[in-house]
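# Examining the three-dimensional arrangement
If you want the building blocks of each chain, they are given just below.
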Amino acid sequence: MSIKYRADIDGLRALAVLSVIIFHLNNAWLPGGFIGVDIFFVISGFLITKTIYTEMQTSQFTFKNFYQRRINRILPVFFVVIFTSSFFAWYILSPDEFEIFLKSVKSTTYFAENVFFAKNTGGYFDLSADNMAILHTWSLAVEEQFYIILPFILLFLLKIKCNKNKVLFVLGVIAFLSFCLAQISPYYYYLSRQNYYSLFTGRAGELLIGSIVGIISTENNTNSSWLGNLKGNSCYKNFFSLMGFTITVCSIIFISNDFLFPSFITVIPVVGSALILYFSDKDTLLFKMLSYRPFVFIGLISYSLYLWHWPIISLLKQYLIIDDLTTPIEILSVLITTFILSLLSYFFIETPCRKNKKSFKFSFCCYYLIPVLIIFCFYETQKYTKFADKIFVERFNIDRGNSLRWVQGKDDFLFLGDKNEKIIRKLTLSIRPTEKQLKASTKIFGNITKEATKYGTKVVLLIGADKARIYPEYLPDQIHLSKVRYIDFFLTELRKNKNLIIYDSEPDLSVAAKENENFIYHRTDSHWNSKGAYIAYTGFLKELGIPLIDVKFTLIDSKYGDIADIAGLKKKDLTFHNDDNFKVSFNLPQDVKCTYIGFTHISFGNNEDCINSLAPIDKKVWVIGDSFSRALREYFSATFKNVRFMGHWHEQLPILPKELAESKEKPDIIVIVKIARSF
């Protein structure tokens, strides 16, 4: 059963898709453009639920017909975009990046992209998300998950003889709970990671608001309810439809990723869209506006536009090795390519497949099963043969010592390659931080210091120096370090925060590297050794005016480092000079007892609460860090009476203000250890 076509809904789709595309081209142009996805959710909930509910009321609903319509509508062009993106991703991405891409493609086969991206990015607005070429398909996964669950809920409610008001009440309660979960998500790590992508944290609420309006609009007698009376009045429906449009447009303009989203604030554009869907009809001014033929046409091809635009943007940026599209040629290339591909897919794939009158078996096999089998075959073949890796190596003439993952230096030194957080491009300053990156960093440290000042807690950022900057003379001749550092752009902004103490270890370590006969970083590892860590730690203590601890170092055998492991080198392939590894001993007695409190990140290690009754400084310290903090642990524990190792900064920084607010015993000092290349 199909419901009556409304041209204004296609006009609303045009607003939604254009908002998303503009946001992805440059989020400064339209800060709330991502809300276009939320408009799509409301429209989808409205149309699909209205159809389902009407069919159930008239005993015409069958799961087979419903899911065949979904398959015919969604999957053909979806898999065409996936396969096309896969081909270009294979050509553009490095083997490691391509492997992650294939895992994301695999997740589409069981509609779990949203779960995959929640686990593999720091969130939709996280910078790593920009490299996910099919990131935007998370919203399709949310919809499919919703429409797997919704028909069963409606059937159950109708089976137990719930009338329309009771159905609306149940759906309203679920929607409210969904928004509540989104609102409290920052206070719970799992919810925080899942919030943007999850069906349950806000997205179900958005779809259900559409569902509620869809069910209400099935009223046969428009005058049988107070809403029907409002809709029957020309003045009221013009007023409320225009109000809904104004609310929606203002949300797109003024709401930004500075707000928690989704959350209760999401209700604003969702309600705005719902008002349009309910009150707009052919007699309203808004209907005439949204039914303008160019808008309707864009709305008709909006699904194809949505599917094509992001892979084009993401892969083009990675091909050009840029963080943002800035030139008119780049932007026009994206727009023209997206529009042409969308036209082709709409007329030659979307429309013919949607109108397909063949059996459910045909739709299921041709539009779902065969593409899924192709994806699994390709994924498993790559997993076990690494054929794409071999082609990549041949195509770019990449050999040992000239890898994206590692670099062979002089005198048996190994350095990280550009695959690791774009380190080579950062060292040579061939890329610079974007305004988005600088704002994100400033905001997150600002939130932490704002909360910390309430309790007199000092916040210290201890920056670990990149090995290449301490020993530039051991780099290959073709790598020339920039005098201006990539991190300096961040430090310029962060130093404006008067409540943040910053200790940059590079100057002290550079001097020490020249003065020490032995090395303070491992030759085959990316990290400082215990001596290098101590030099950085003493500089940190001096910054705070805290007395130094007295230690002694003994030279020991060199270690097999992480870069050697990344490079796939065996111990027999390496020359160990035994001049870059030390054992540390403390000249004063220690009584350190640590309690295990969890494990969050392999590079940080265990979360522990350590007490040292003999420590000289009676202060409580929280340490958040990365792999560079591991060599510092024993120094922290030897200095302070209570040190709590909280976890990796990637996970802890977003929730640190909340943890500080809720902690019964406030720390005297919070230390955030962060390697320079991670900025």
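This one's a predicted model, so the numbers in the text were calculated from it and none came from an experiment.

## Comments concerning the overall build of the protein
In terms of helices and strands, the protein carries 28 helices and 11 strands. The C-alpha atoms of the protein give 29 Å as radius of gyration, which agrees with the globular expectation for 679 residues (26 Å, within 12%). Its C-alpha atoms give the protein principal-axis dimensions of roughly 90 × 60 × 45 Å. Of the roughly 30,400 Å² that the protein leaves accessible, carbon and sulfur atoms contribute 61%. Taking the average location of the 75 positive side-chain charges in the protein and that of its 61 negative ones, the two points are 9 Å from each other.

## Concerning the packing of helix 2 (residues 35-57) against helix 9 (residues 199-216)
Put simply, helix 2 and helix 9 touch, their axes get as near as 7 Å, and they point 45 degrees apart. The orientation of helix 2 with respect to helix 9, classified from their angle, is oblique. Of the two possible hands of crossing, helix 2 and helix 9 adopt the one that is right-handed. The segment helix 2 lies against helix 9, with D38, F41, V42, S44, G45, F46, T49, K50 and Y53 engaging R203, E206, L207, G210, S211, V213, G214 and I215. Its residues placed into classes, the contact of helix 2 with helix 9 shows seven nonpolar, six polar and four charged.

## Quick word on a nonpolar patch on the surface
A contiguous nonpolar patch, built from I148, I149, L181, I184, Y187, Y188 and F200 and spanning about 650 Å² of accessible area, is present on the exposed surface. Note on placement: L181 falls in helix 7 (residues 164-184).

## Side note on the state of the cysteines
Such a bond, covalent and formed between the sulfur atoms of two cysteines, is termed a disulfide. Tallied over the entire structure, the rule returns one disulfide. Between the sulfur atoms of C594 and its disulfide mate C610 the distance is 2.0 Å. Handedness of the C594-C610 disulfide follows from its S-S torsion of about 110 degrees: it is right-handed. With C594 in strand 7 (residues 592-601) and C610 in strand 8 (residues 605-612), this residue pair connects regions lying 16 residues apart in the sequence. A residue is classified by how much of its surface remains accessible, and C594, at 39% relative accessible area, is partly exposed.

## Looking at the packing of aromatic side chains
Under the defined criterion, the tally for this structure stands at 52 aromatic pairs. A ring pair is formed by F117 and Y197, whose centres lie 6.4 Å apart and whose planes are at 40 degrees; its orientation type is tilted. In this pair, F117 sits in helix 5 (residues 113-120) while Y197 sits in the loop between helix 8 (189-194) and helix 9, placing the two residues 80 residues apart along the sequence. Each member of the pair, F117 as well as Y197, carries the same accessibility label: buried. Plain terms: the ring middles of F360 and F364 are 6.0 Å apart, the flat faces sit at 20 degrees to each other, and that makes the pair stacked. With F360 and F364 both in helix 17 (residues 360-385) and four residues apart, the pair spans about one turn of that helix. F364 sits in the partly exposed class, given a relative accessible area of 31%. Put simply, the rings of F413, F415, Y471, Y474, F519, Y521, W528 and F628 pair up and form one aromatic cluster. Sitting over the face of the ring of F645, R633 holds its NZ or CZ atom 4.5 Å from the ring centroid.

## Digging into the pairing of strand 11 (residues 669-675)
Of all the seven residues making up strand 11, seven are buried; the element is thus mostly covered by neighbouring parts of the structure. Across the two faces of strand 11 the burial is the same, with I669, V671, V673 and I675 and I670, I672 and K674 all buried. Sheet analysis places strand 3 (residues 458-464) next to strand 11, joined by seven bridges and oriented parallel. Looking across to strand 11, one finds that K458 is bridged to I669.

Conventions used here
- Each chain carries its own residue numbering, running from 1 in the written order of its sequence.
- A pLDDT threshold of at least 70 governs which residues receive local features in this predicted model, and a stricter bar of 80 or more applies before side-chain atom pairs are shown or counted, although totals over entire chains, interfaces and linings include all residues.
- Heavy atoms throughout the structure, all of them, feed into the side-chain values; hydrogens and water do not.
- In DSSP terms, a helix is any run of H or I states spanning at least four residues, a strand is any run of E spanning at least two, and both are numbered starting from the N terminus.
- We compute the radius of gyration from the C-alpha atoms alone; for a globule the expected value is 2.2 Å times N to the 0.38, where N is the number of residues.
- Methods summary: accessible areas were calculated by the Shrake-Rupley approach with a probe of 1.4 Å, and residue burial reflects only the protein chains presented.
- Asp and Glu count as negative and Lys and Arg as positive, but His and the ends of the chain are not part of the count.
- Charge positions come from single atoms, namely NZ of Lys, CZ of Arg, CG of Asp or CD of Glu.
- Between the N-to-C directions of two axes lies an angle of 0 to 180 degrees, each axis being a line fitted to C-alpha atoms and, for a helix, fitted only over the stretch in contact.
- Orientation labels follow simple angle bins: below 35 degrees gives roughly parallel, above 145 gives roughly antiparallel, 65 to 115 gives roughly perpendicular, and whatever is left gives oblique.
- Crossings are classed by handedness, with left-handed meaning an anticlockwise turn of the near helix from the far one by less than a right angle and right-handed meaning a clockwise turn.
- Contacts are residue-level and defined by heavy atoms, with any inter-residue pair within 4.5 Å sufficient.
- Any residue that is not Ala, Val, Leu, Ile, Met, Phe, Trp, Tyr, Cys, Pro, Asp, Glu, Lys or Arg is counted as polar, Gly included; the first ten are nonpolar and the last four charged.
- To count toward a patch, a residue needs a relative accessible area above 30% and no salt bridge. Like charges then connect within 9 Å, nonpolar side chains (Val, Leu, Ile, Met, Phe, Trp, Tyr) within 5 Å.
- Salt-bridge detection follows one rule: a side-chain nitrogen of Lys or Arg within 4 Å of a carboxyl oxygen of Asp or Glu.
- Criterion for a disulfide: a pair of cysteine sulfur atoms at a distance within 2.5 Å.
- Any residue under 20% of the maximum accessible area for its type is buried, any over 50% is exposed, and the rest in between are partly exposed; the area is computed with a 1.4 Å probe on protein chains only.
- When two rings of Phe, Tyr or Trp (its six-membered ring) have centres within 6.5 Å they constitute a pair, described as stacked for plane angles under 30 degrees, edge-to-face for angles over 60, and tilted for the intermediate range.
- A ring is scored as having a charge over it whenever the NZ atom of a lysine or the CZ atom of an arginine sits within 6 Å of its centre and within 35 degrees of its normal.
- Two strands are counted as paired when DSSP detects at least two bridges linking them.

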